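Now for the letters of each chain:
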Amino acid sequence: MEFIIGKFNYWVYIILMMIGFYAMIAKSNLVKKLVGMNIFQTAIILFFISIGSKKGVTIPIIQEGAGDAVNQAVNSARYMNPLPHVLMLTAIVVMVSTFGVALALIIMIFRKYKTLEEDEILESLRSGEEN
Amino acid sequence: MTAQAPILIIIIPLIASFLNVIIGLWRKRLCYPLVIITLGLSVILSISILNTVIIQGVIHYRLGGWEPPWGIEYVIDHLNAFILIIVSFISFTIAIYSKRNVEQEFPEKTVYFYTIYLLLVTGLLGITITGDVFNLYVFLEITSLAVYALIAIGRDKAPLASFNYLIMGTIGACFYLLGVGYLYIATGSLNMADLGRLLPDLYHSKAVLVAFAFFVVGVAIKMALFPLHVWLPDAYTYAPSTVSAFAASTMTKVGVYVMIRIMFTVFEPRFSIVMLPSTEILGWVASGAMIFGGILAIAQTDVKRMLSYILIAEVGYIVIGVSVANRMGFTGALLHILFDAFTMACLFMAAGAVMHKTGETSIHGFRRLHRRMPLTMAAFSIAALSAIGVPPFAGFFSKWYLVLGAIDAGKWIFAVLLLLSSLLIAIAFFRVIENIYFAPSDHAHNGVGQEEIVRDETPLSMLVPILTMAAGILILGFFSGKIVSAVIQFTVPGGF
């Protein structure tokens, strides 16, 4: 029980990731695949956010600021690790652009085949070859 | 200038790609010269970088002057510099080739095509040059996004192929990102050299093992290693000729480069070879790729699709060279990266030229083309013979090293499979070559007699790049000893 509750966020990340993964592979509707992809990527964001956070600490800004306090050694145990969060800012940008490109592709596909169901597209391709 | 070369080689194509949009709004015709000048500059820069590396040793370039574990660092050793030259030279040559192809296939999209093309080159150069695992992820995604867009321009099923590639590619990139995350938990660092120092004490940690697994699978998707290759044949068959030539010759090679970096710089060879049997597994997977790629190549009726399957087999060759984990094999793998980049560029460009003239790329369409386009077909045949591994051509030398490497490692079975796969590829290519040179003319049996085939050679701007690549295949093979002694021998990881 401790194993599950103590690492609650990691369990959520794995479950979310598997949901997304399943949708990307098993769904035949292209938009559903895309939603799966988004869930998959968001799960990874959750993972990175989790590894950067700690209980009972504050944001990594040195408040005592002025004068001598700055020169004192910073006690890193009191602060969160900002780096994974910063990495995720970049990763979010990447994910949004991937999503944008994918939506553009979906529009192209829809214009061409008038459907977004993968099996219907394949069928129309097959009948196209016969003609 | 040379001190700043590592950053300039990234910045120049990046800035040029945005400049290209602005100039394109004003004068569409100026885009092409801009691209040529930009990529010409990056060829010069990459040569100067290799020169510096050979004379002075490894270059460390710190972005913004930040010390390595905190800031992003570009590290260039012989391996990077070697790949940089391949990528920049091939991108330059194919940019020259692209002019007529773009004018014919999608004249209204010239500006955007060149913008994305430059972004793609930026991404590939960035992957090669960076010494930071997260920075590599960002460049990896720049590359992938650019190539999804470029493939979607193509004909027929291209948007669907591109979408499937996007789904697969995103899974690959996300796995890579997860690998970065697990390594960060274990070490708190993102710098490759720093990771290399910190990791040996943590090799028994499960997080590190998971990270390694994610890295290898993620990168294997990106480089289309069998059985994760399913996106490749469709994507490269329907993409515009220019795009398939460039992507086929460089993207898989850069993927292999990333795998080599992860396995032998971030992790030590001791970990990748002895502690985990990863090279053993990769060896078997790669043999699967060689045989499977060869067999499916024979089954195809479309030349571009056949070339895609041969590319899958070629990726298998390179990975075999890495997986036998000795000096000979590794040398062979790197030589094969160089020669195969030239070969694939030449083959896909020649297929594109046929597409340009006849409008199709089916094997039947190649019938008697030696009368119509003799030079292009000669180049195609040279590249095909090199891919098969016929002696005077470049491919023979790299395959020679690969076979020797497999025998040195005592893995006779890999050597046998390598030769078998070469035979399969030979069958696939001879079907095309037979059609080009020996097939009876369509009209011969109608009693019309020998019809007049007008010589109708590929336009010069397409022909010159094709012939350059073919000449490269002829010449580089003879200099393979020099290339090995000047560059490749320094890239072999310690402990081999």
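Residues numbered from 1 in each chain as written. Chains lettered and ligands numbered in written order. Predicted model: local features only at pLDDT ≥ 70, side-chain atom pairs only at ≥ 80, totals over all residues. Heavy atoms only, no water.

### A closer look at the overall build of chain B
Stage number 1. Helix and strand counts for chain B stand at 20 helices and two strands.
Stage number 2. For 496 residues, the compact-globule estimate of 2.2 N^0.38 gives 23 Å, and the C-alpha radius of gyration of chain B, at 22 Å, lies within 12% of that figure.
Stage number 3. When the backbone C-alpha atoms are referred to their principal axes, chain B occupies close to 80 × 60 × 45 Å.
Stage number 4. Every one of the 496 residues in chain B was classed for burial, and the buried ones make up 65%.
Stage number 5. Of the contacts formed within chain B by residues at least 6 apart in sequence, a portion of 80% connects residues at least 24 apart. (Helix = DSSP H or I, 4+ residues; strand = E, 2+ residues; numbered from the N terminus. Rg over C-alpha atoms; globule rule 2.2 N^0.38 Å. Buried < 20%, exposed > 50% of the residue type's maximum accessible area, 1.4 Å probe, protein only. Contact = heavy atoms within 4.5 Å.)

### So, the interface of chain B and chain A
Stage number 1. Between chain B and chain A, the residue contacts involve 29 residues of the former and 36 residues of the latter.
Stage number 2. In this assembly, chain B packs against chain A so that about 2,800 Å² is buried in total across both faces, 84% of it on carbon and sulfur atoms.
Stage number 3. By the criterion of area lost to chain A, the three top residues of chain B are B:L160, B:F163 and B:Y184, representing 21% of everything that side buries.
Stage number 4. One can count zero salt bridges joining chain B with chain A.
Stage number 5. Taken together, chain B and chain A are joined by two residue pairs in polar contact (both at pLDDT 80 or more).
Stage number 6. Broken down by secondary-structure element, the contributors of at least two residues to the side of chain B that touches chain A are α5 (133–152) and α6 (158–187) of chain B.
Stage number 7. Broken down by element, the residue count for the side of chain B that touches chain A peaks at 18 residues, all from α6(B). (Buried area = accessible area lost by both parts, 1.4 Å probe. Salt bridge = Lys/Arg side-chain N within 4 Å of Asp/Glu carboxyl O. Polar contact = N/O pair within 3.5 Å; in protein donor to acceptor, adjacent residues only side chain to side chain.)

### Comments concerning the pairing of strand β2 (residues 73–76) of chain B
All names here are of chain B.
Stage number 1. Alternating positions in β2 separate into two faces, E73 and V75 on one and Y74 and I76 on the other, with burial throughout.
Stage number 2. With four bridges connecting them, strand β1 (residues 59–62) and β2 associate as antiparallel partners. The partner of Y61 across the bridge, within β2, is Y74. (Pairing = 2+ DSSP bridges.)

### Digging into the packing of aromatic side chains
Stage number 1. Overall, the coordinates contain 29 aromatic pairs over all chains when judged by the stated rule.
Stage number 2. Summarising the aromatic geometry, the rings of A:F21 and A:F40 are spaced 5.5 Å apart at their centres and angled 20° between planes, so their arrangement reads as stacked. With A:F21 in helix α2 (residues 8–26) and A:F40 in helix α3 (residues 30–52), this residue pair connects regions lying 19 residues apart in the sequence.
Stage number 3. Every member of this aromatic cluster is reached through a ring pair, and the members are A:Y10, A:Y13, A:F21, A:F40, A:F47, A:F48, B:F175, B:Y182 and B:F214.
Stage number 4. Here the basic side chain of B:R27 rests over the ring of B:W26, its NZ or CZ set 4.8 Å away from the ring centre. (Phe/Tyr/Trp six-rings, centres within 6.5 Å; stacked < 30°, edge-to-face > 60°. Lys NZ or Arg CZ within 6 Å of the ring centre and 35° of its normal.)

### Quick word on the side chain of B:R261
All names here are of chain B.
Stage number 1. Looking at where R261 falls in the secondary structure, it is placed in helix α10 (residues 241–266).
Stage number 2. Polar contacts involving the side chain of R261 include one to the side chain of D77, which spans 2.8 Å.
Stage number 3. Engagement of the side chain of R261 in a polar contact is seen with the side chain of Y257, the distance being 2.8 Å.
Stage number 4. For R261, the contacting residues outside a window of four places in its chain are D77, L79, N80, M192 and V266.

### Observations concerning helix α19 (residues 460–478) of chain B
Residues and elements named next belong to chain B.
Stage number 1. With 19 residues, α19 extends 27 Å from end C-alpha to end C-alpha; this agrees with the ideal 27 Å at 1.5 Å per step.
Stage number 2. Regarding α19, the residues found buried are S461, M462, L463, P465, I466, M469, A470, G472, I473 and G477.
Stage number 3. Residues of α19 that are buried sit in contact with α3 (78–105), α14 (327–358), α16 (374–388), α17 (394–408) and α20 (480–486). (Expected span 1.5 Å × (residues − 1).)

### Some details on the environment of B:F342
Residues and elements named next belong to chain B.
Stage number 1. Tracing the chain through its elements places F342 in helix α14.
Stage number 2. Linking F342 and A471, residues 129 residues apart in sequence, is a C-alpha distance of 9.6 Å.
Stage number 3. Ignoring sequence-local partners within four residues, the contact set of F342 consists of F89, I90, M469, G472, I473 and L476.

### Observations concerning the confidence of the model for chain B
Stage number 1. Across chain B, the average pLDDT comes to 86, with 97% of residues at or above 70.
Stage number 2. Mean pLDDT per element in chain B: helix α15 (residues 369–372) of chain B is the minimum at 78, and α5(B) is the maximum at 92. (pLDDT = per-residue confidence, 0-100.)

### Side note on the pattern of salt bridges
Residue and element names in this part refer to chain B.
Stage number 1. Applying the stated criterion across every chain, the model contains twelve salt bridges over all chains.
Stage number 2. Put simply, R197 and D194 hold a salt bridge, and the shortest N to O gap is 3.4 Å. Note that R197 and D194 are positioned in helix α7 (residues 192–198) at a spacing of three residues, about one turn of the helix.
Stage number 3. Residue R197 is classed as exposed on the basis of its relative accessible area of 58%.
Stage number 4. Residue class for D194 comes out buried when judged on its relative accessible area of 13%.
Stage number 5. Among the charged side chains, a salt-bridge network with shared partners connects K99, R100 and E103.

### Digging into unusual backbone geometry
Stage number 1. With an omega of 0°, the peptide bond running from B:F226 to B:P227 counts as cis.
Stage number 2. Assignment of secondary structure puts B:P227 in the loop between α8 (206–222) and α9 (232–238).
Stage number 3. A positive phi angle, close to 60°, is found at A:K114, a residue other than glycine.

### Digging into the nonpolar core
Residues and elements named next belong to chain B.
Stage number 1. Y176, Y236, F267 and F429 are the most contacted members of the largest nonpolar core, which totals 221 residues.
Stage number 2. Per-element tally for this core: the top contributor is α14, with 19 residues.
Stage number 3. Sequence-distant contacts of F267, defined by excluding residues within four places in its chain, comprise L183, L199, Y203, V208, F212, F215, I262 and S272. (Core = buried A, V, L, I, M, F, W, Y, C linked by side-chain atoms within 4.5 Å.)

### Observations regarding the packing of α3(B) against α10(B)
Helix packing for two helices is described by the angle between their axes and how far apart those axes are.
All names here are of chain B.
Stage number 1. With their axes 7 Å apart at the nearest point, α3 and α10 run at an angle of 165° to one another. If you check the angle between α3 and α10, you find them roughly antiparallel. You can see that α3 and α10 cross each other, and the crossing is left-handed. Contacts between α3 and α10 involve L79, N80, I83, V87, I90, S91, I94, Y97, S98, N101 and E105 on the former and, on the latter, S241, T242, A245, F246, S249, T250, V254, Y257, I260 and R261.
Stage number 2. When grouped by side-chain class, the residues that make up the contact of α3 with α10 number eleven nonpolar, eight polar and two charged. (Axes fitted to C-alpha atoms, helices over the stretch in contact; angles between N-to-C directions. Parallel < 35°, antiparallel > 145°, perpendicular 65-115°, else oblique. Left-handed = near helix turned anticlockwise from the far one by under 90°. Nonpolar A, V, L, I, M, F, W, Y, C, P; charged D, E, K, R; others polar.)

### Describing helix α1 (residues 5–26) of chain B
All names here are of chain B.
Stage number 1. Taking 1.5 Å per residue as the helical rise, α1 with its 22 residues ought to reach 32 Å, and the 30 Å between its terminal C-alpha atoms agrees with that figure.
Stage number 2. The largest bend in α1 comes to about 25°, at N20.
Stage number 3. What α1 keeps buried is the set A5, P6, I7, I9, I10, P13, A16, S17, N20 and G24.
Stage number 4. Where the residues of α1 are buried, they touch α2 (31–56), β1, β2, α3, α4 (110–129) and α5. (Bend = angle between axes of the 7 residues up to and from the residue.)

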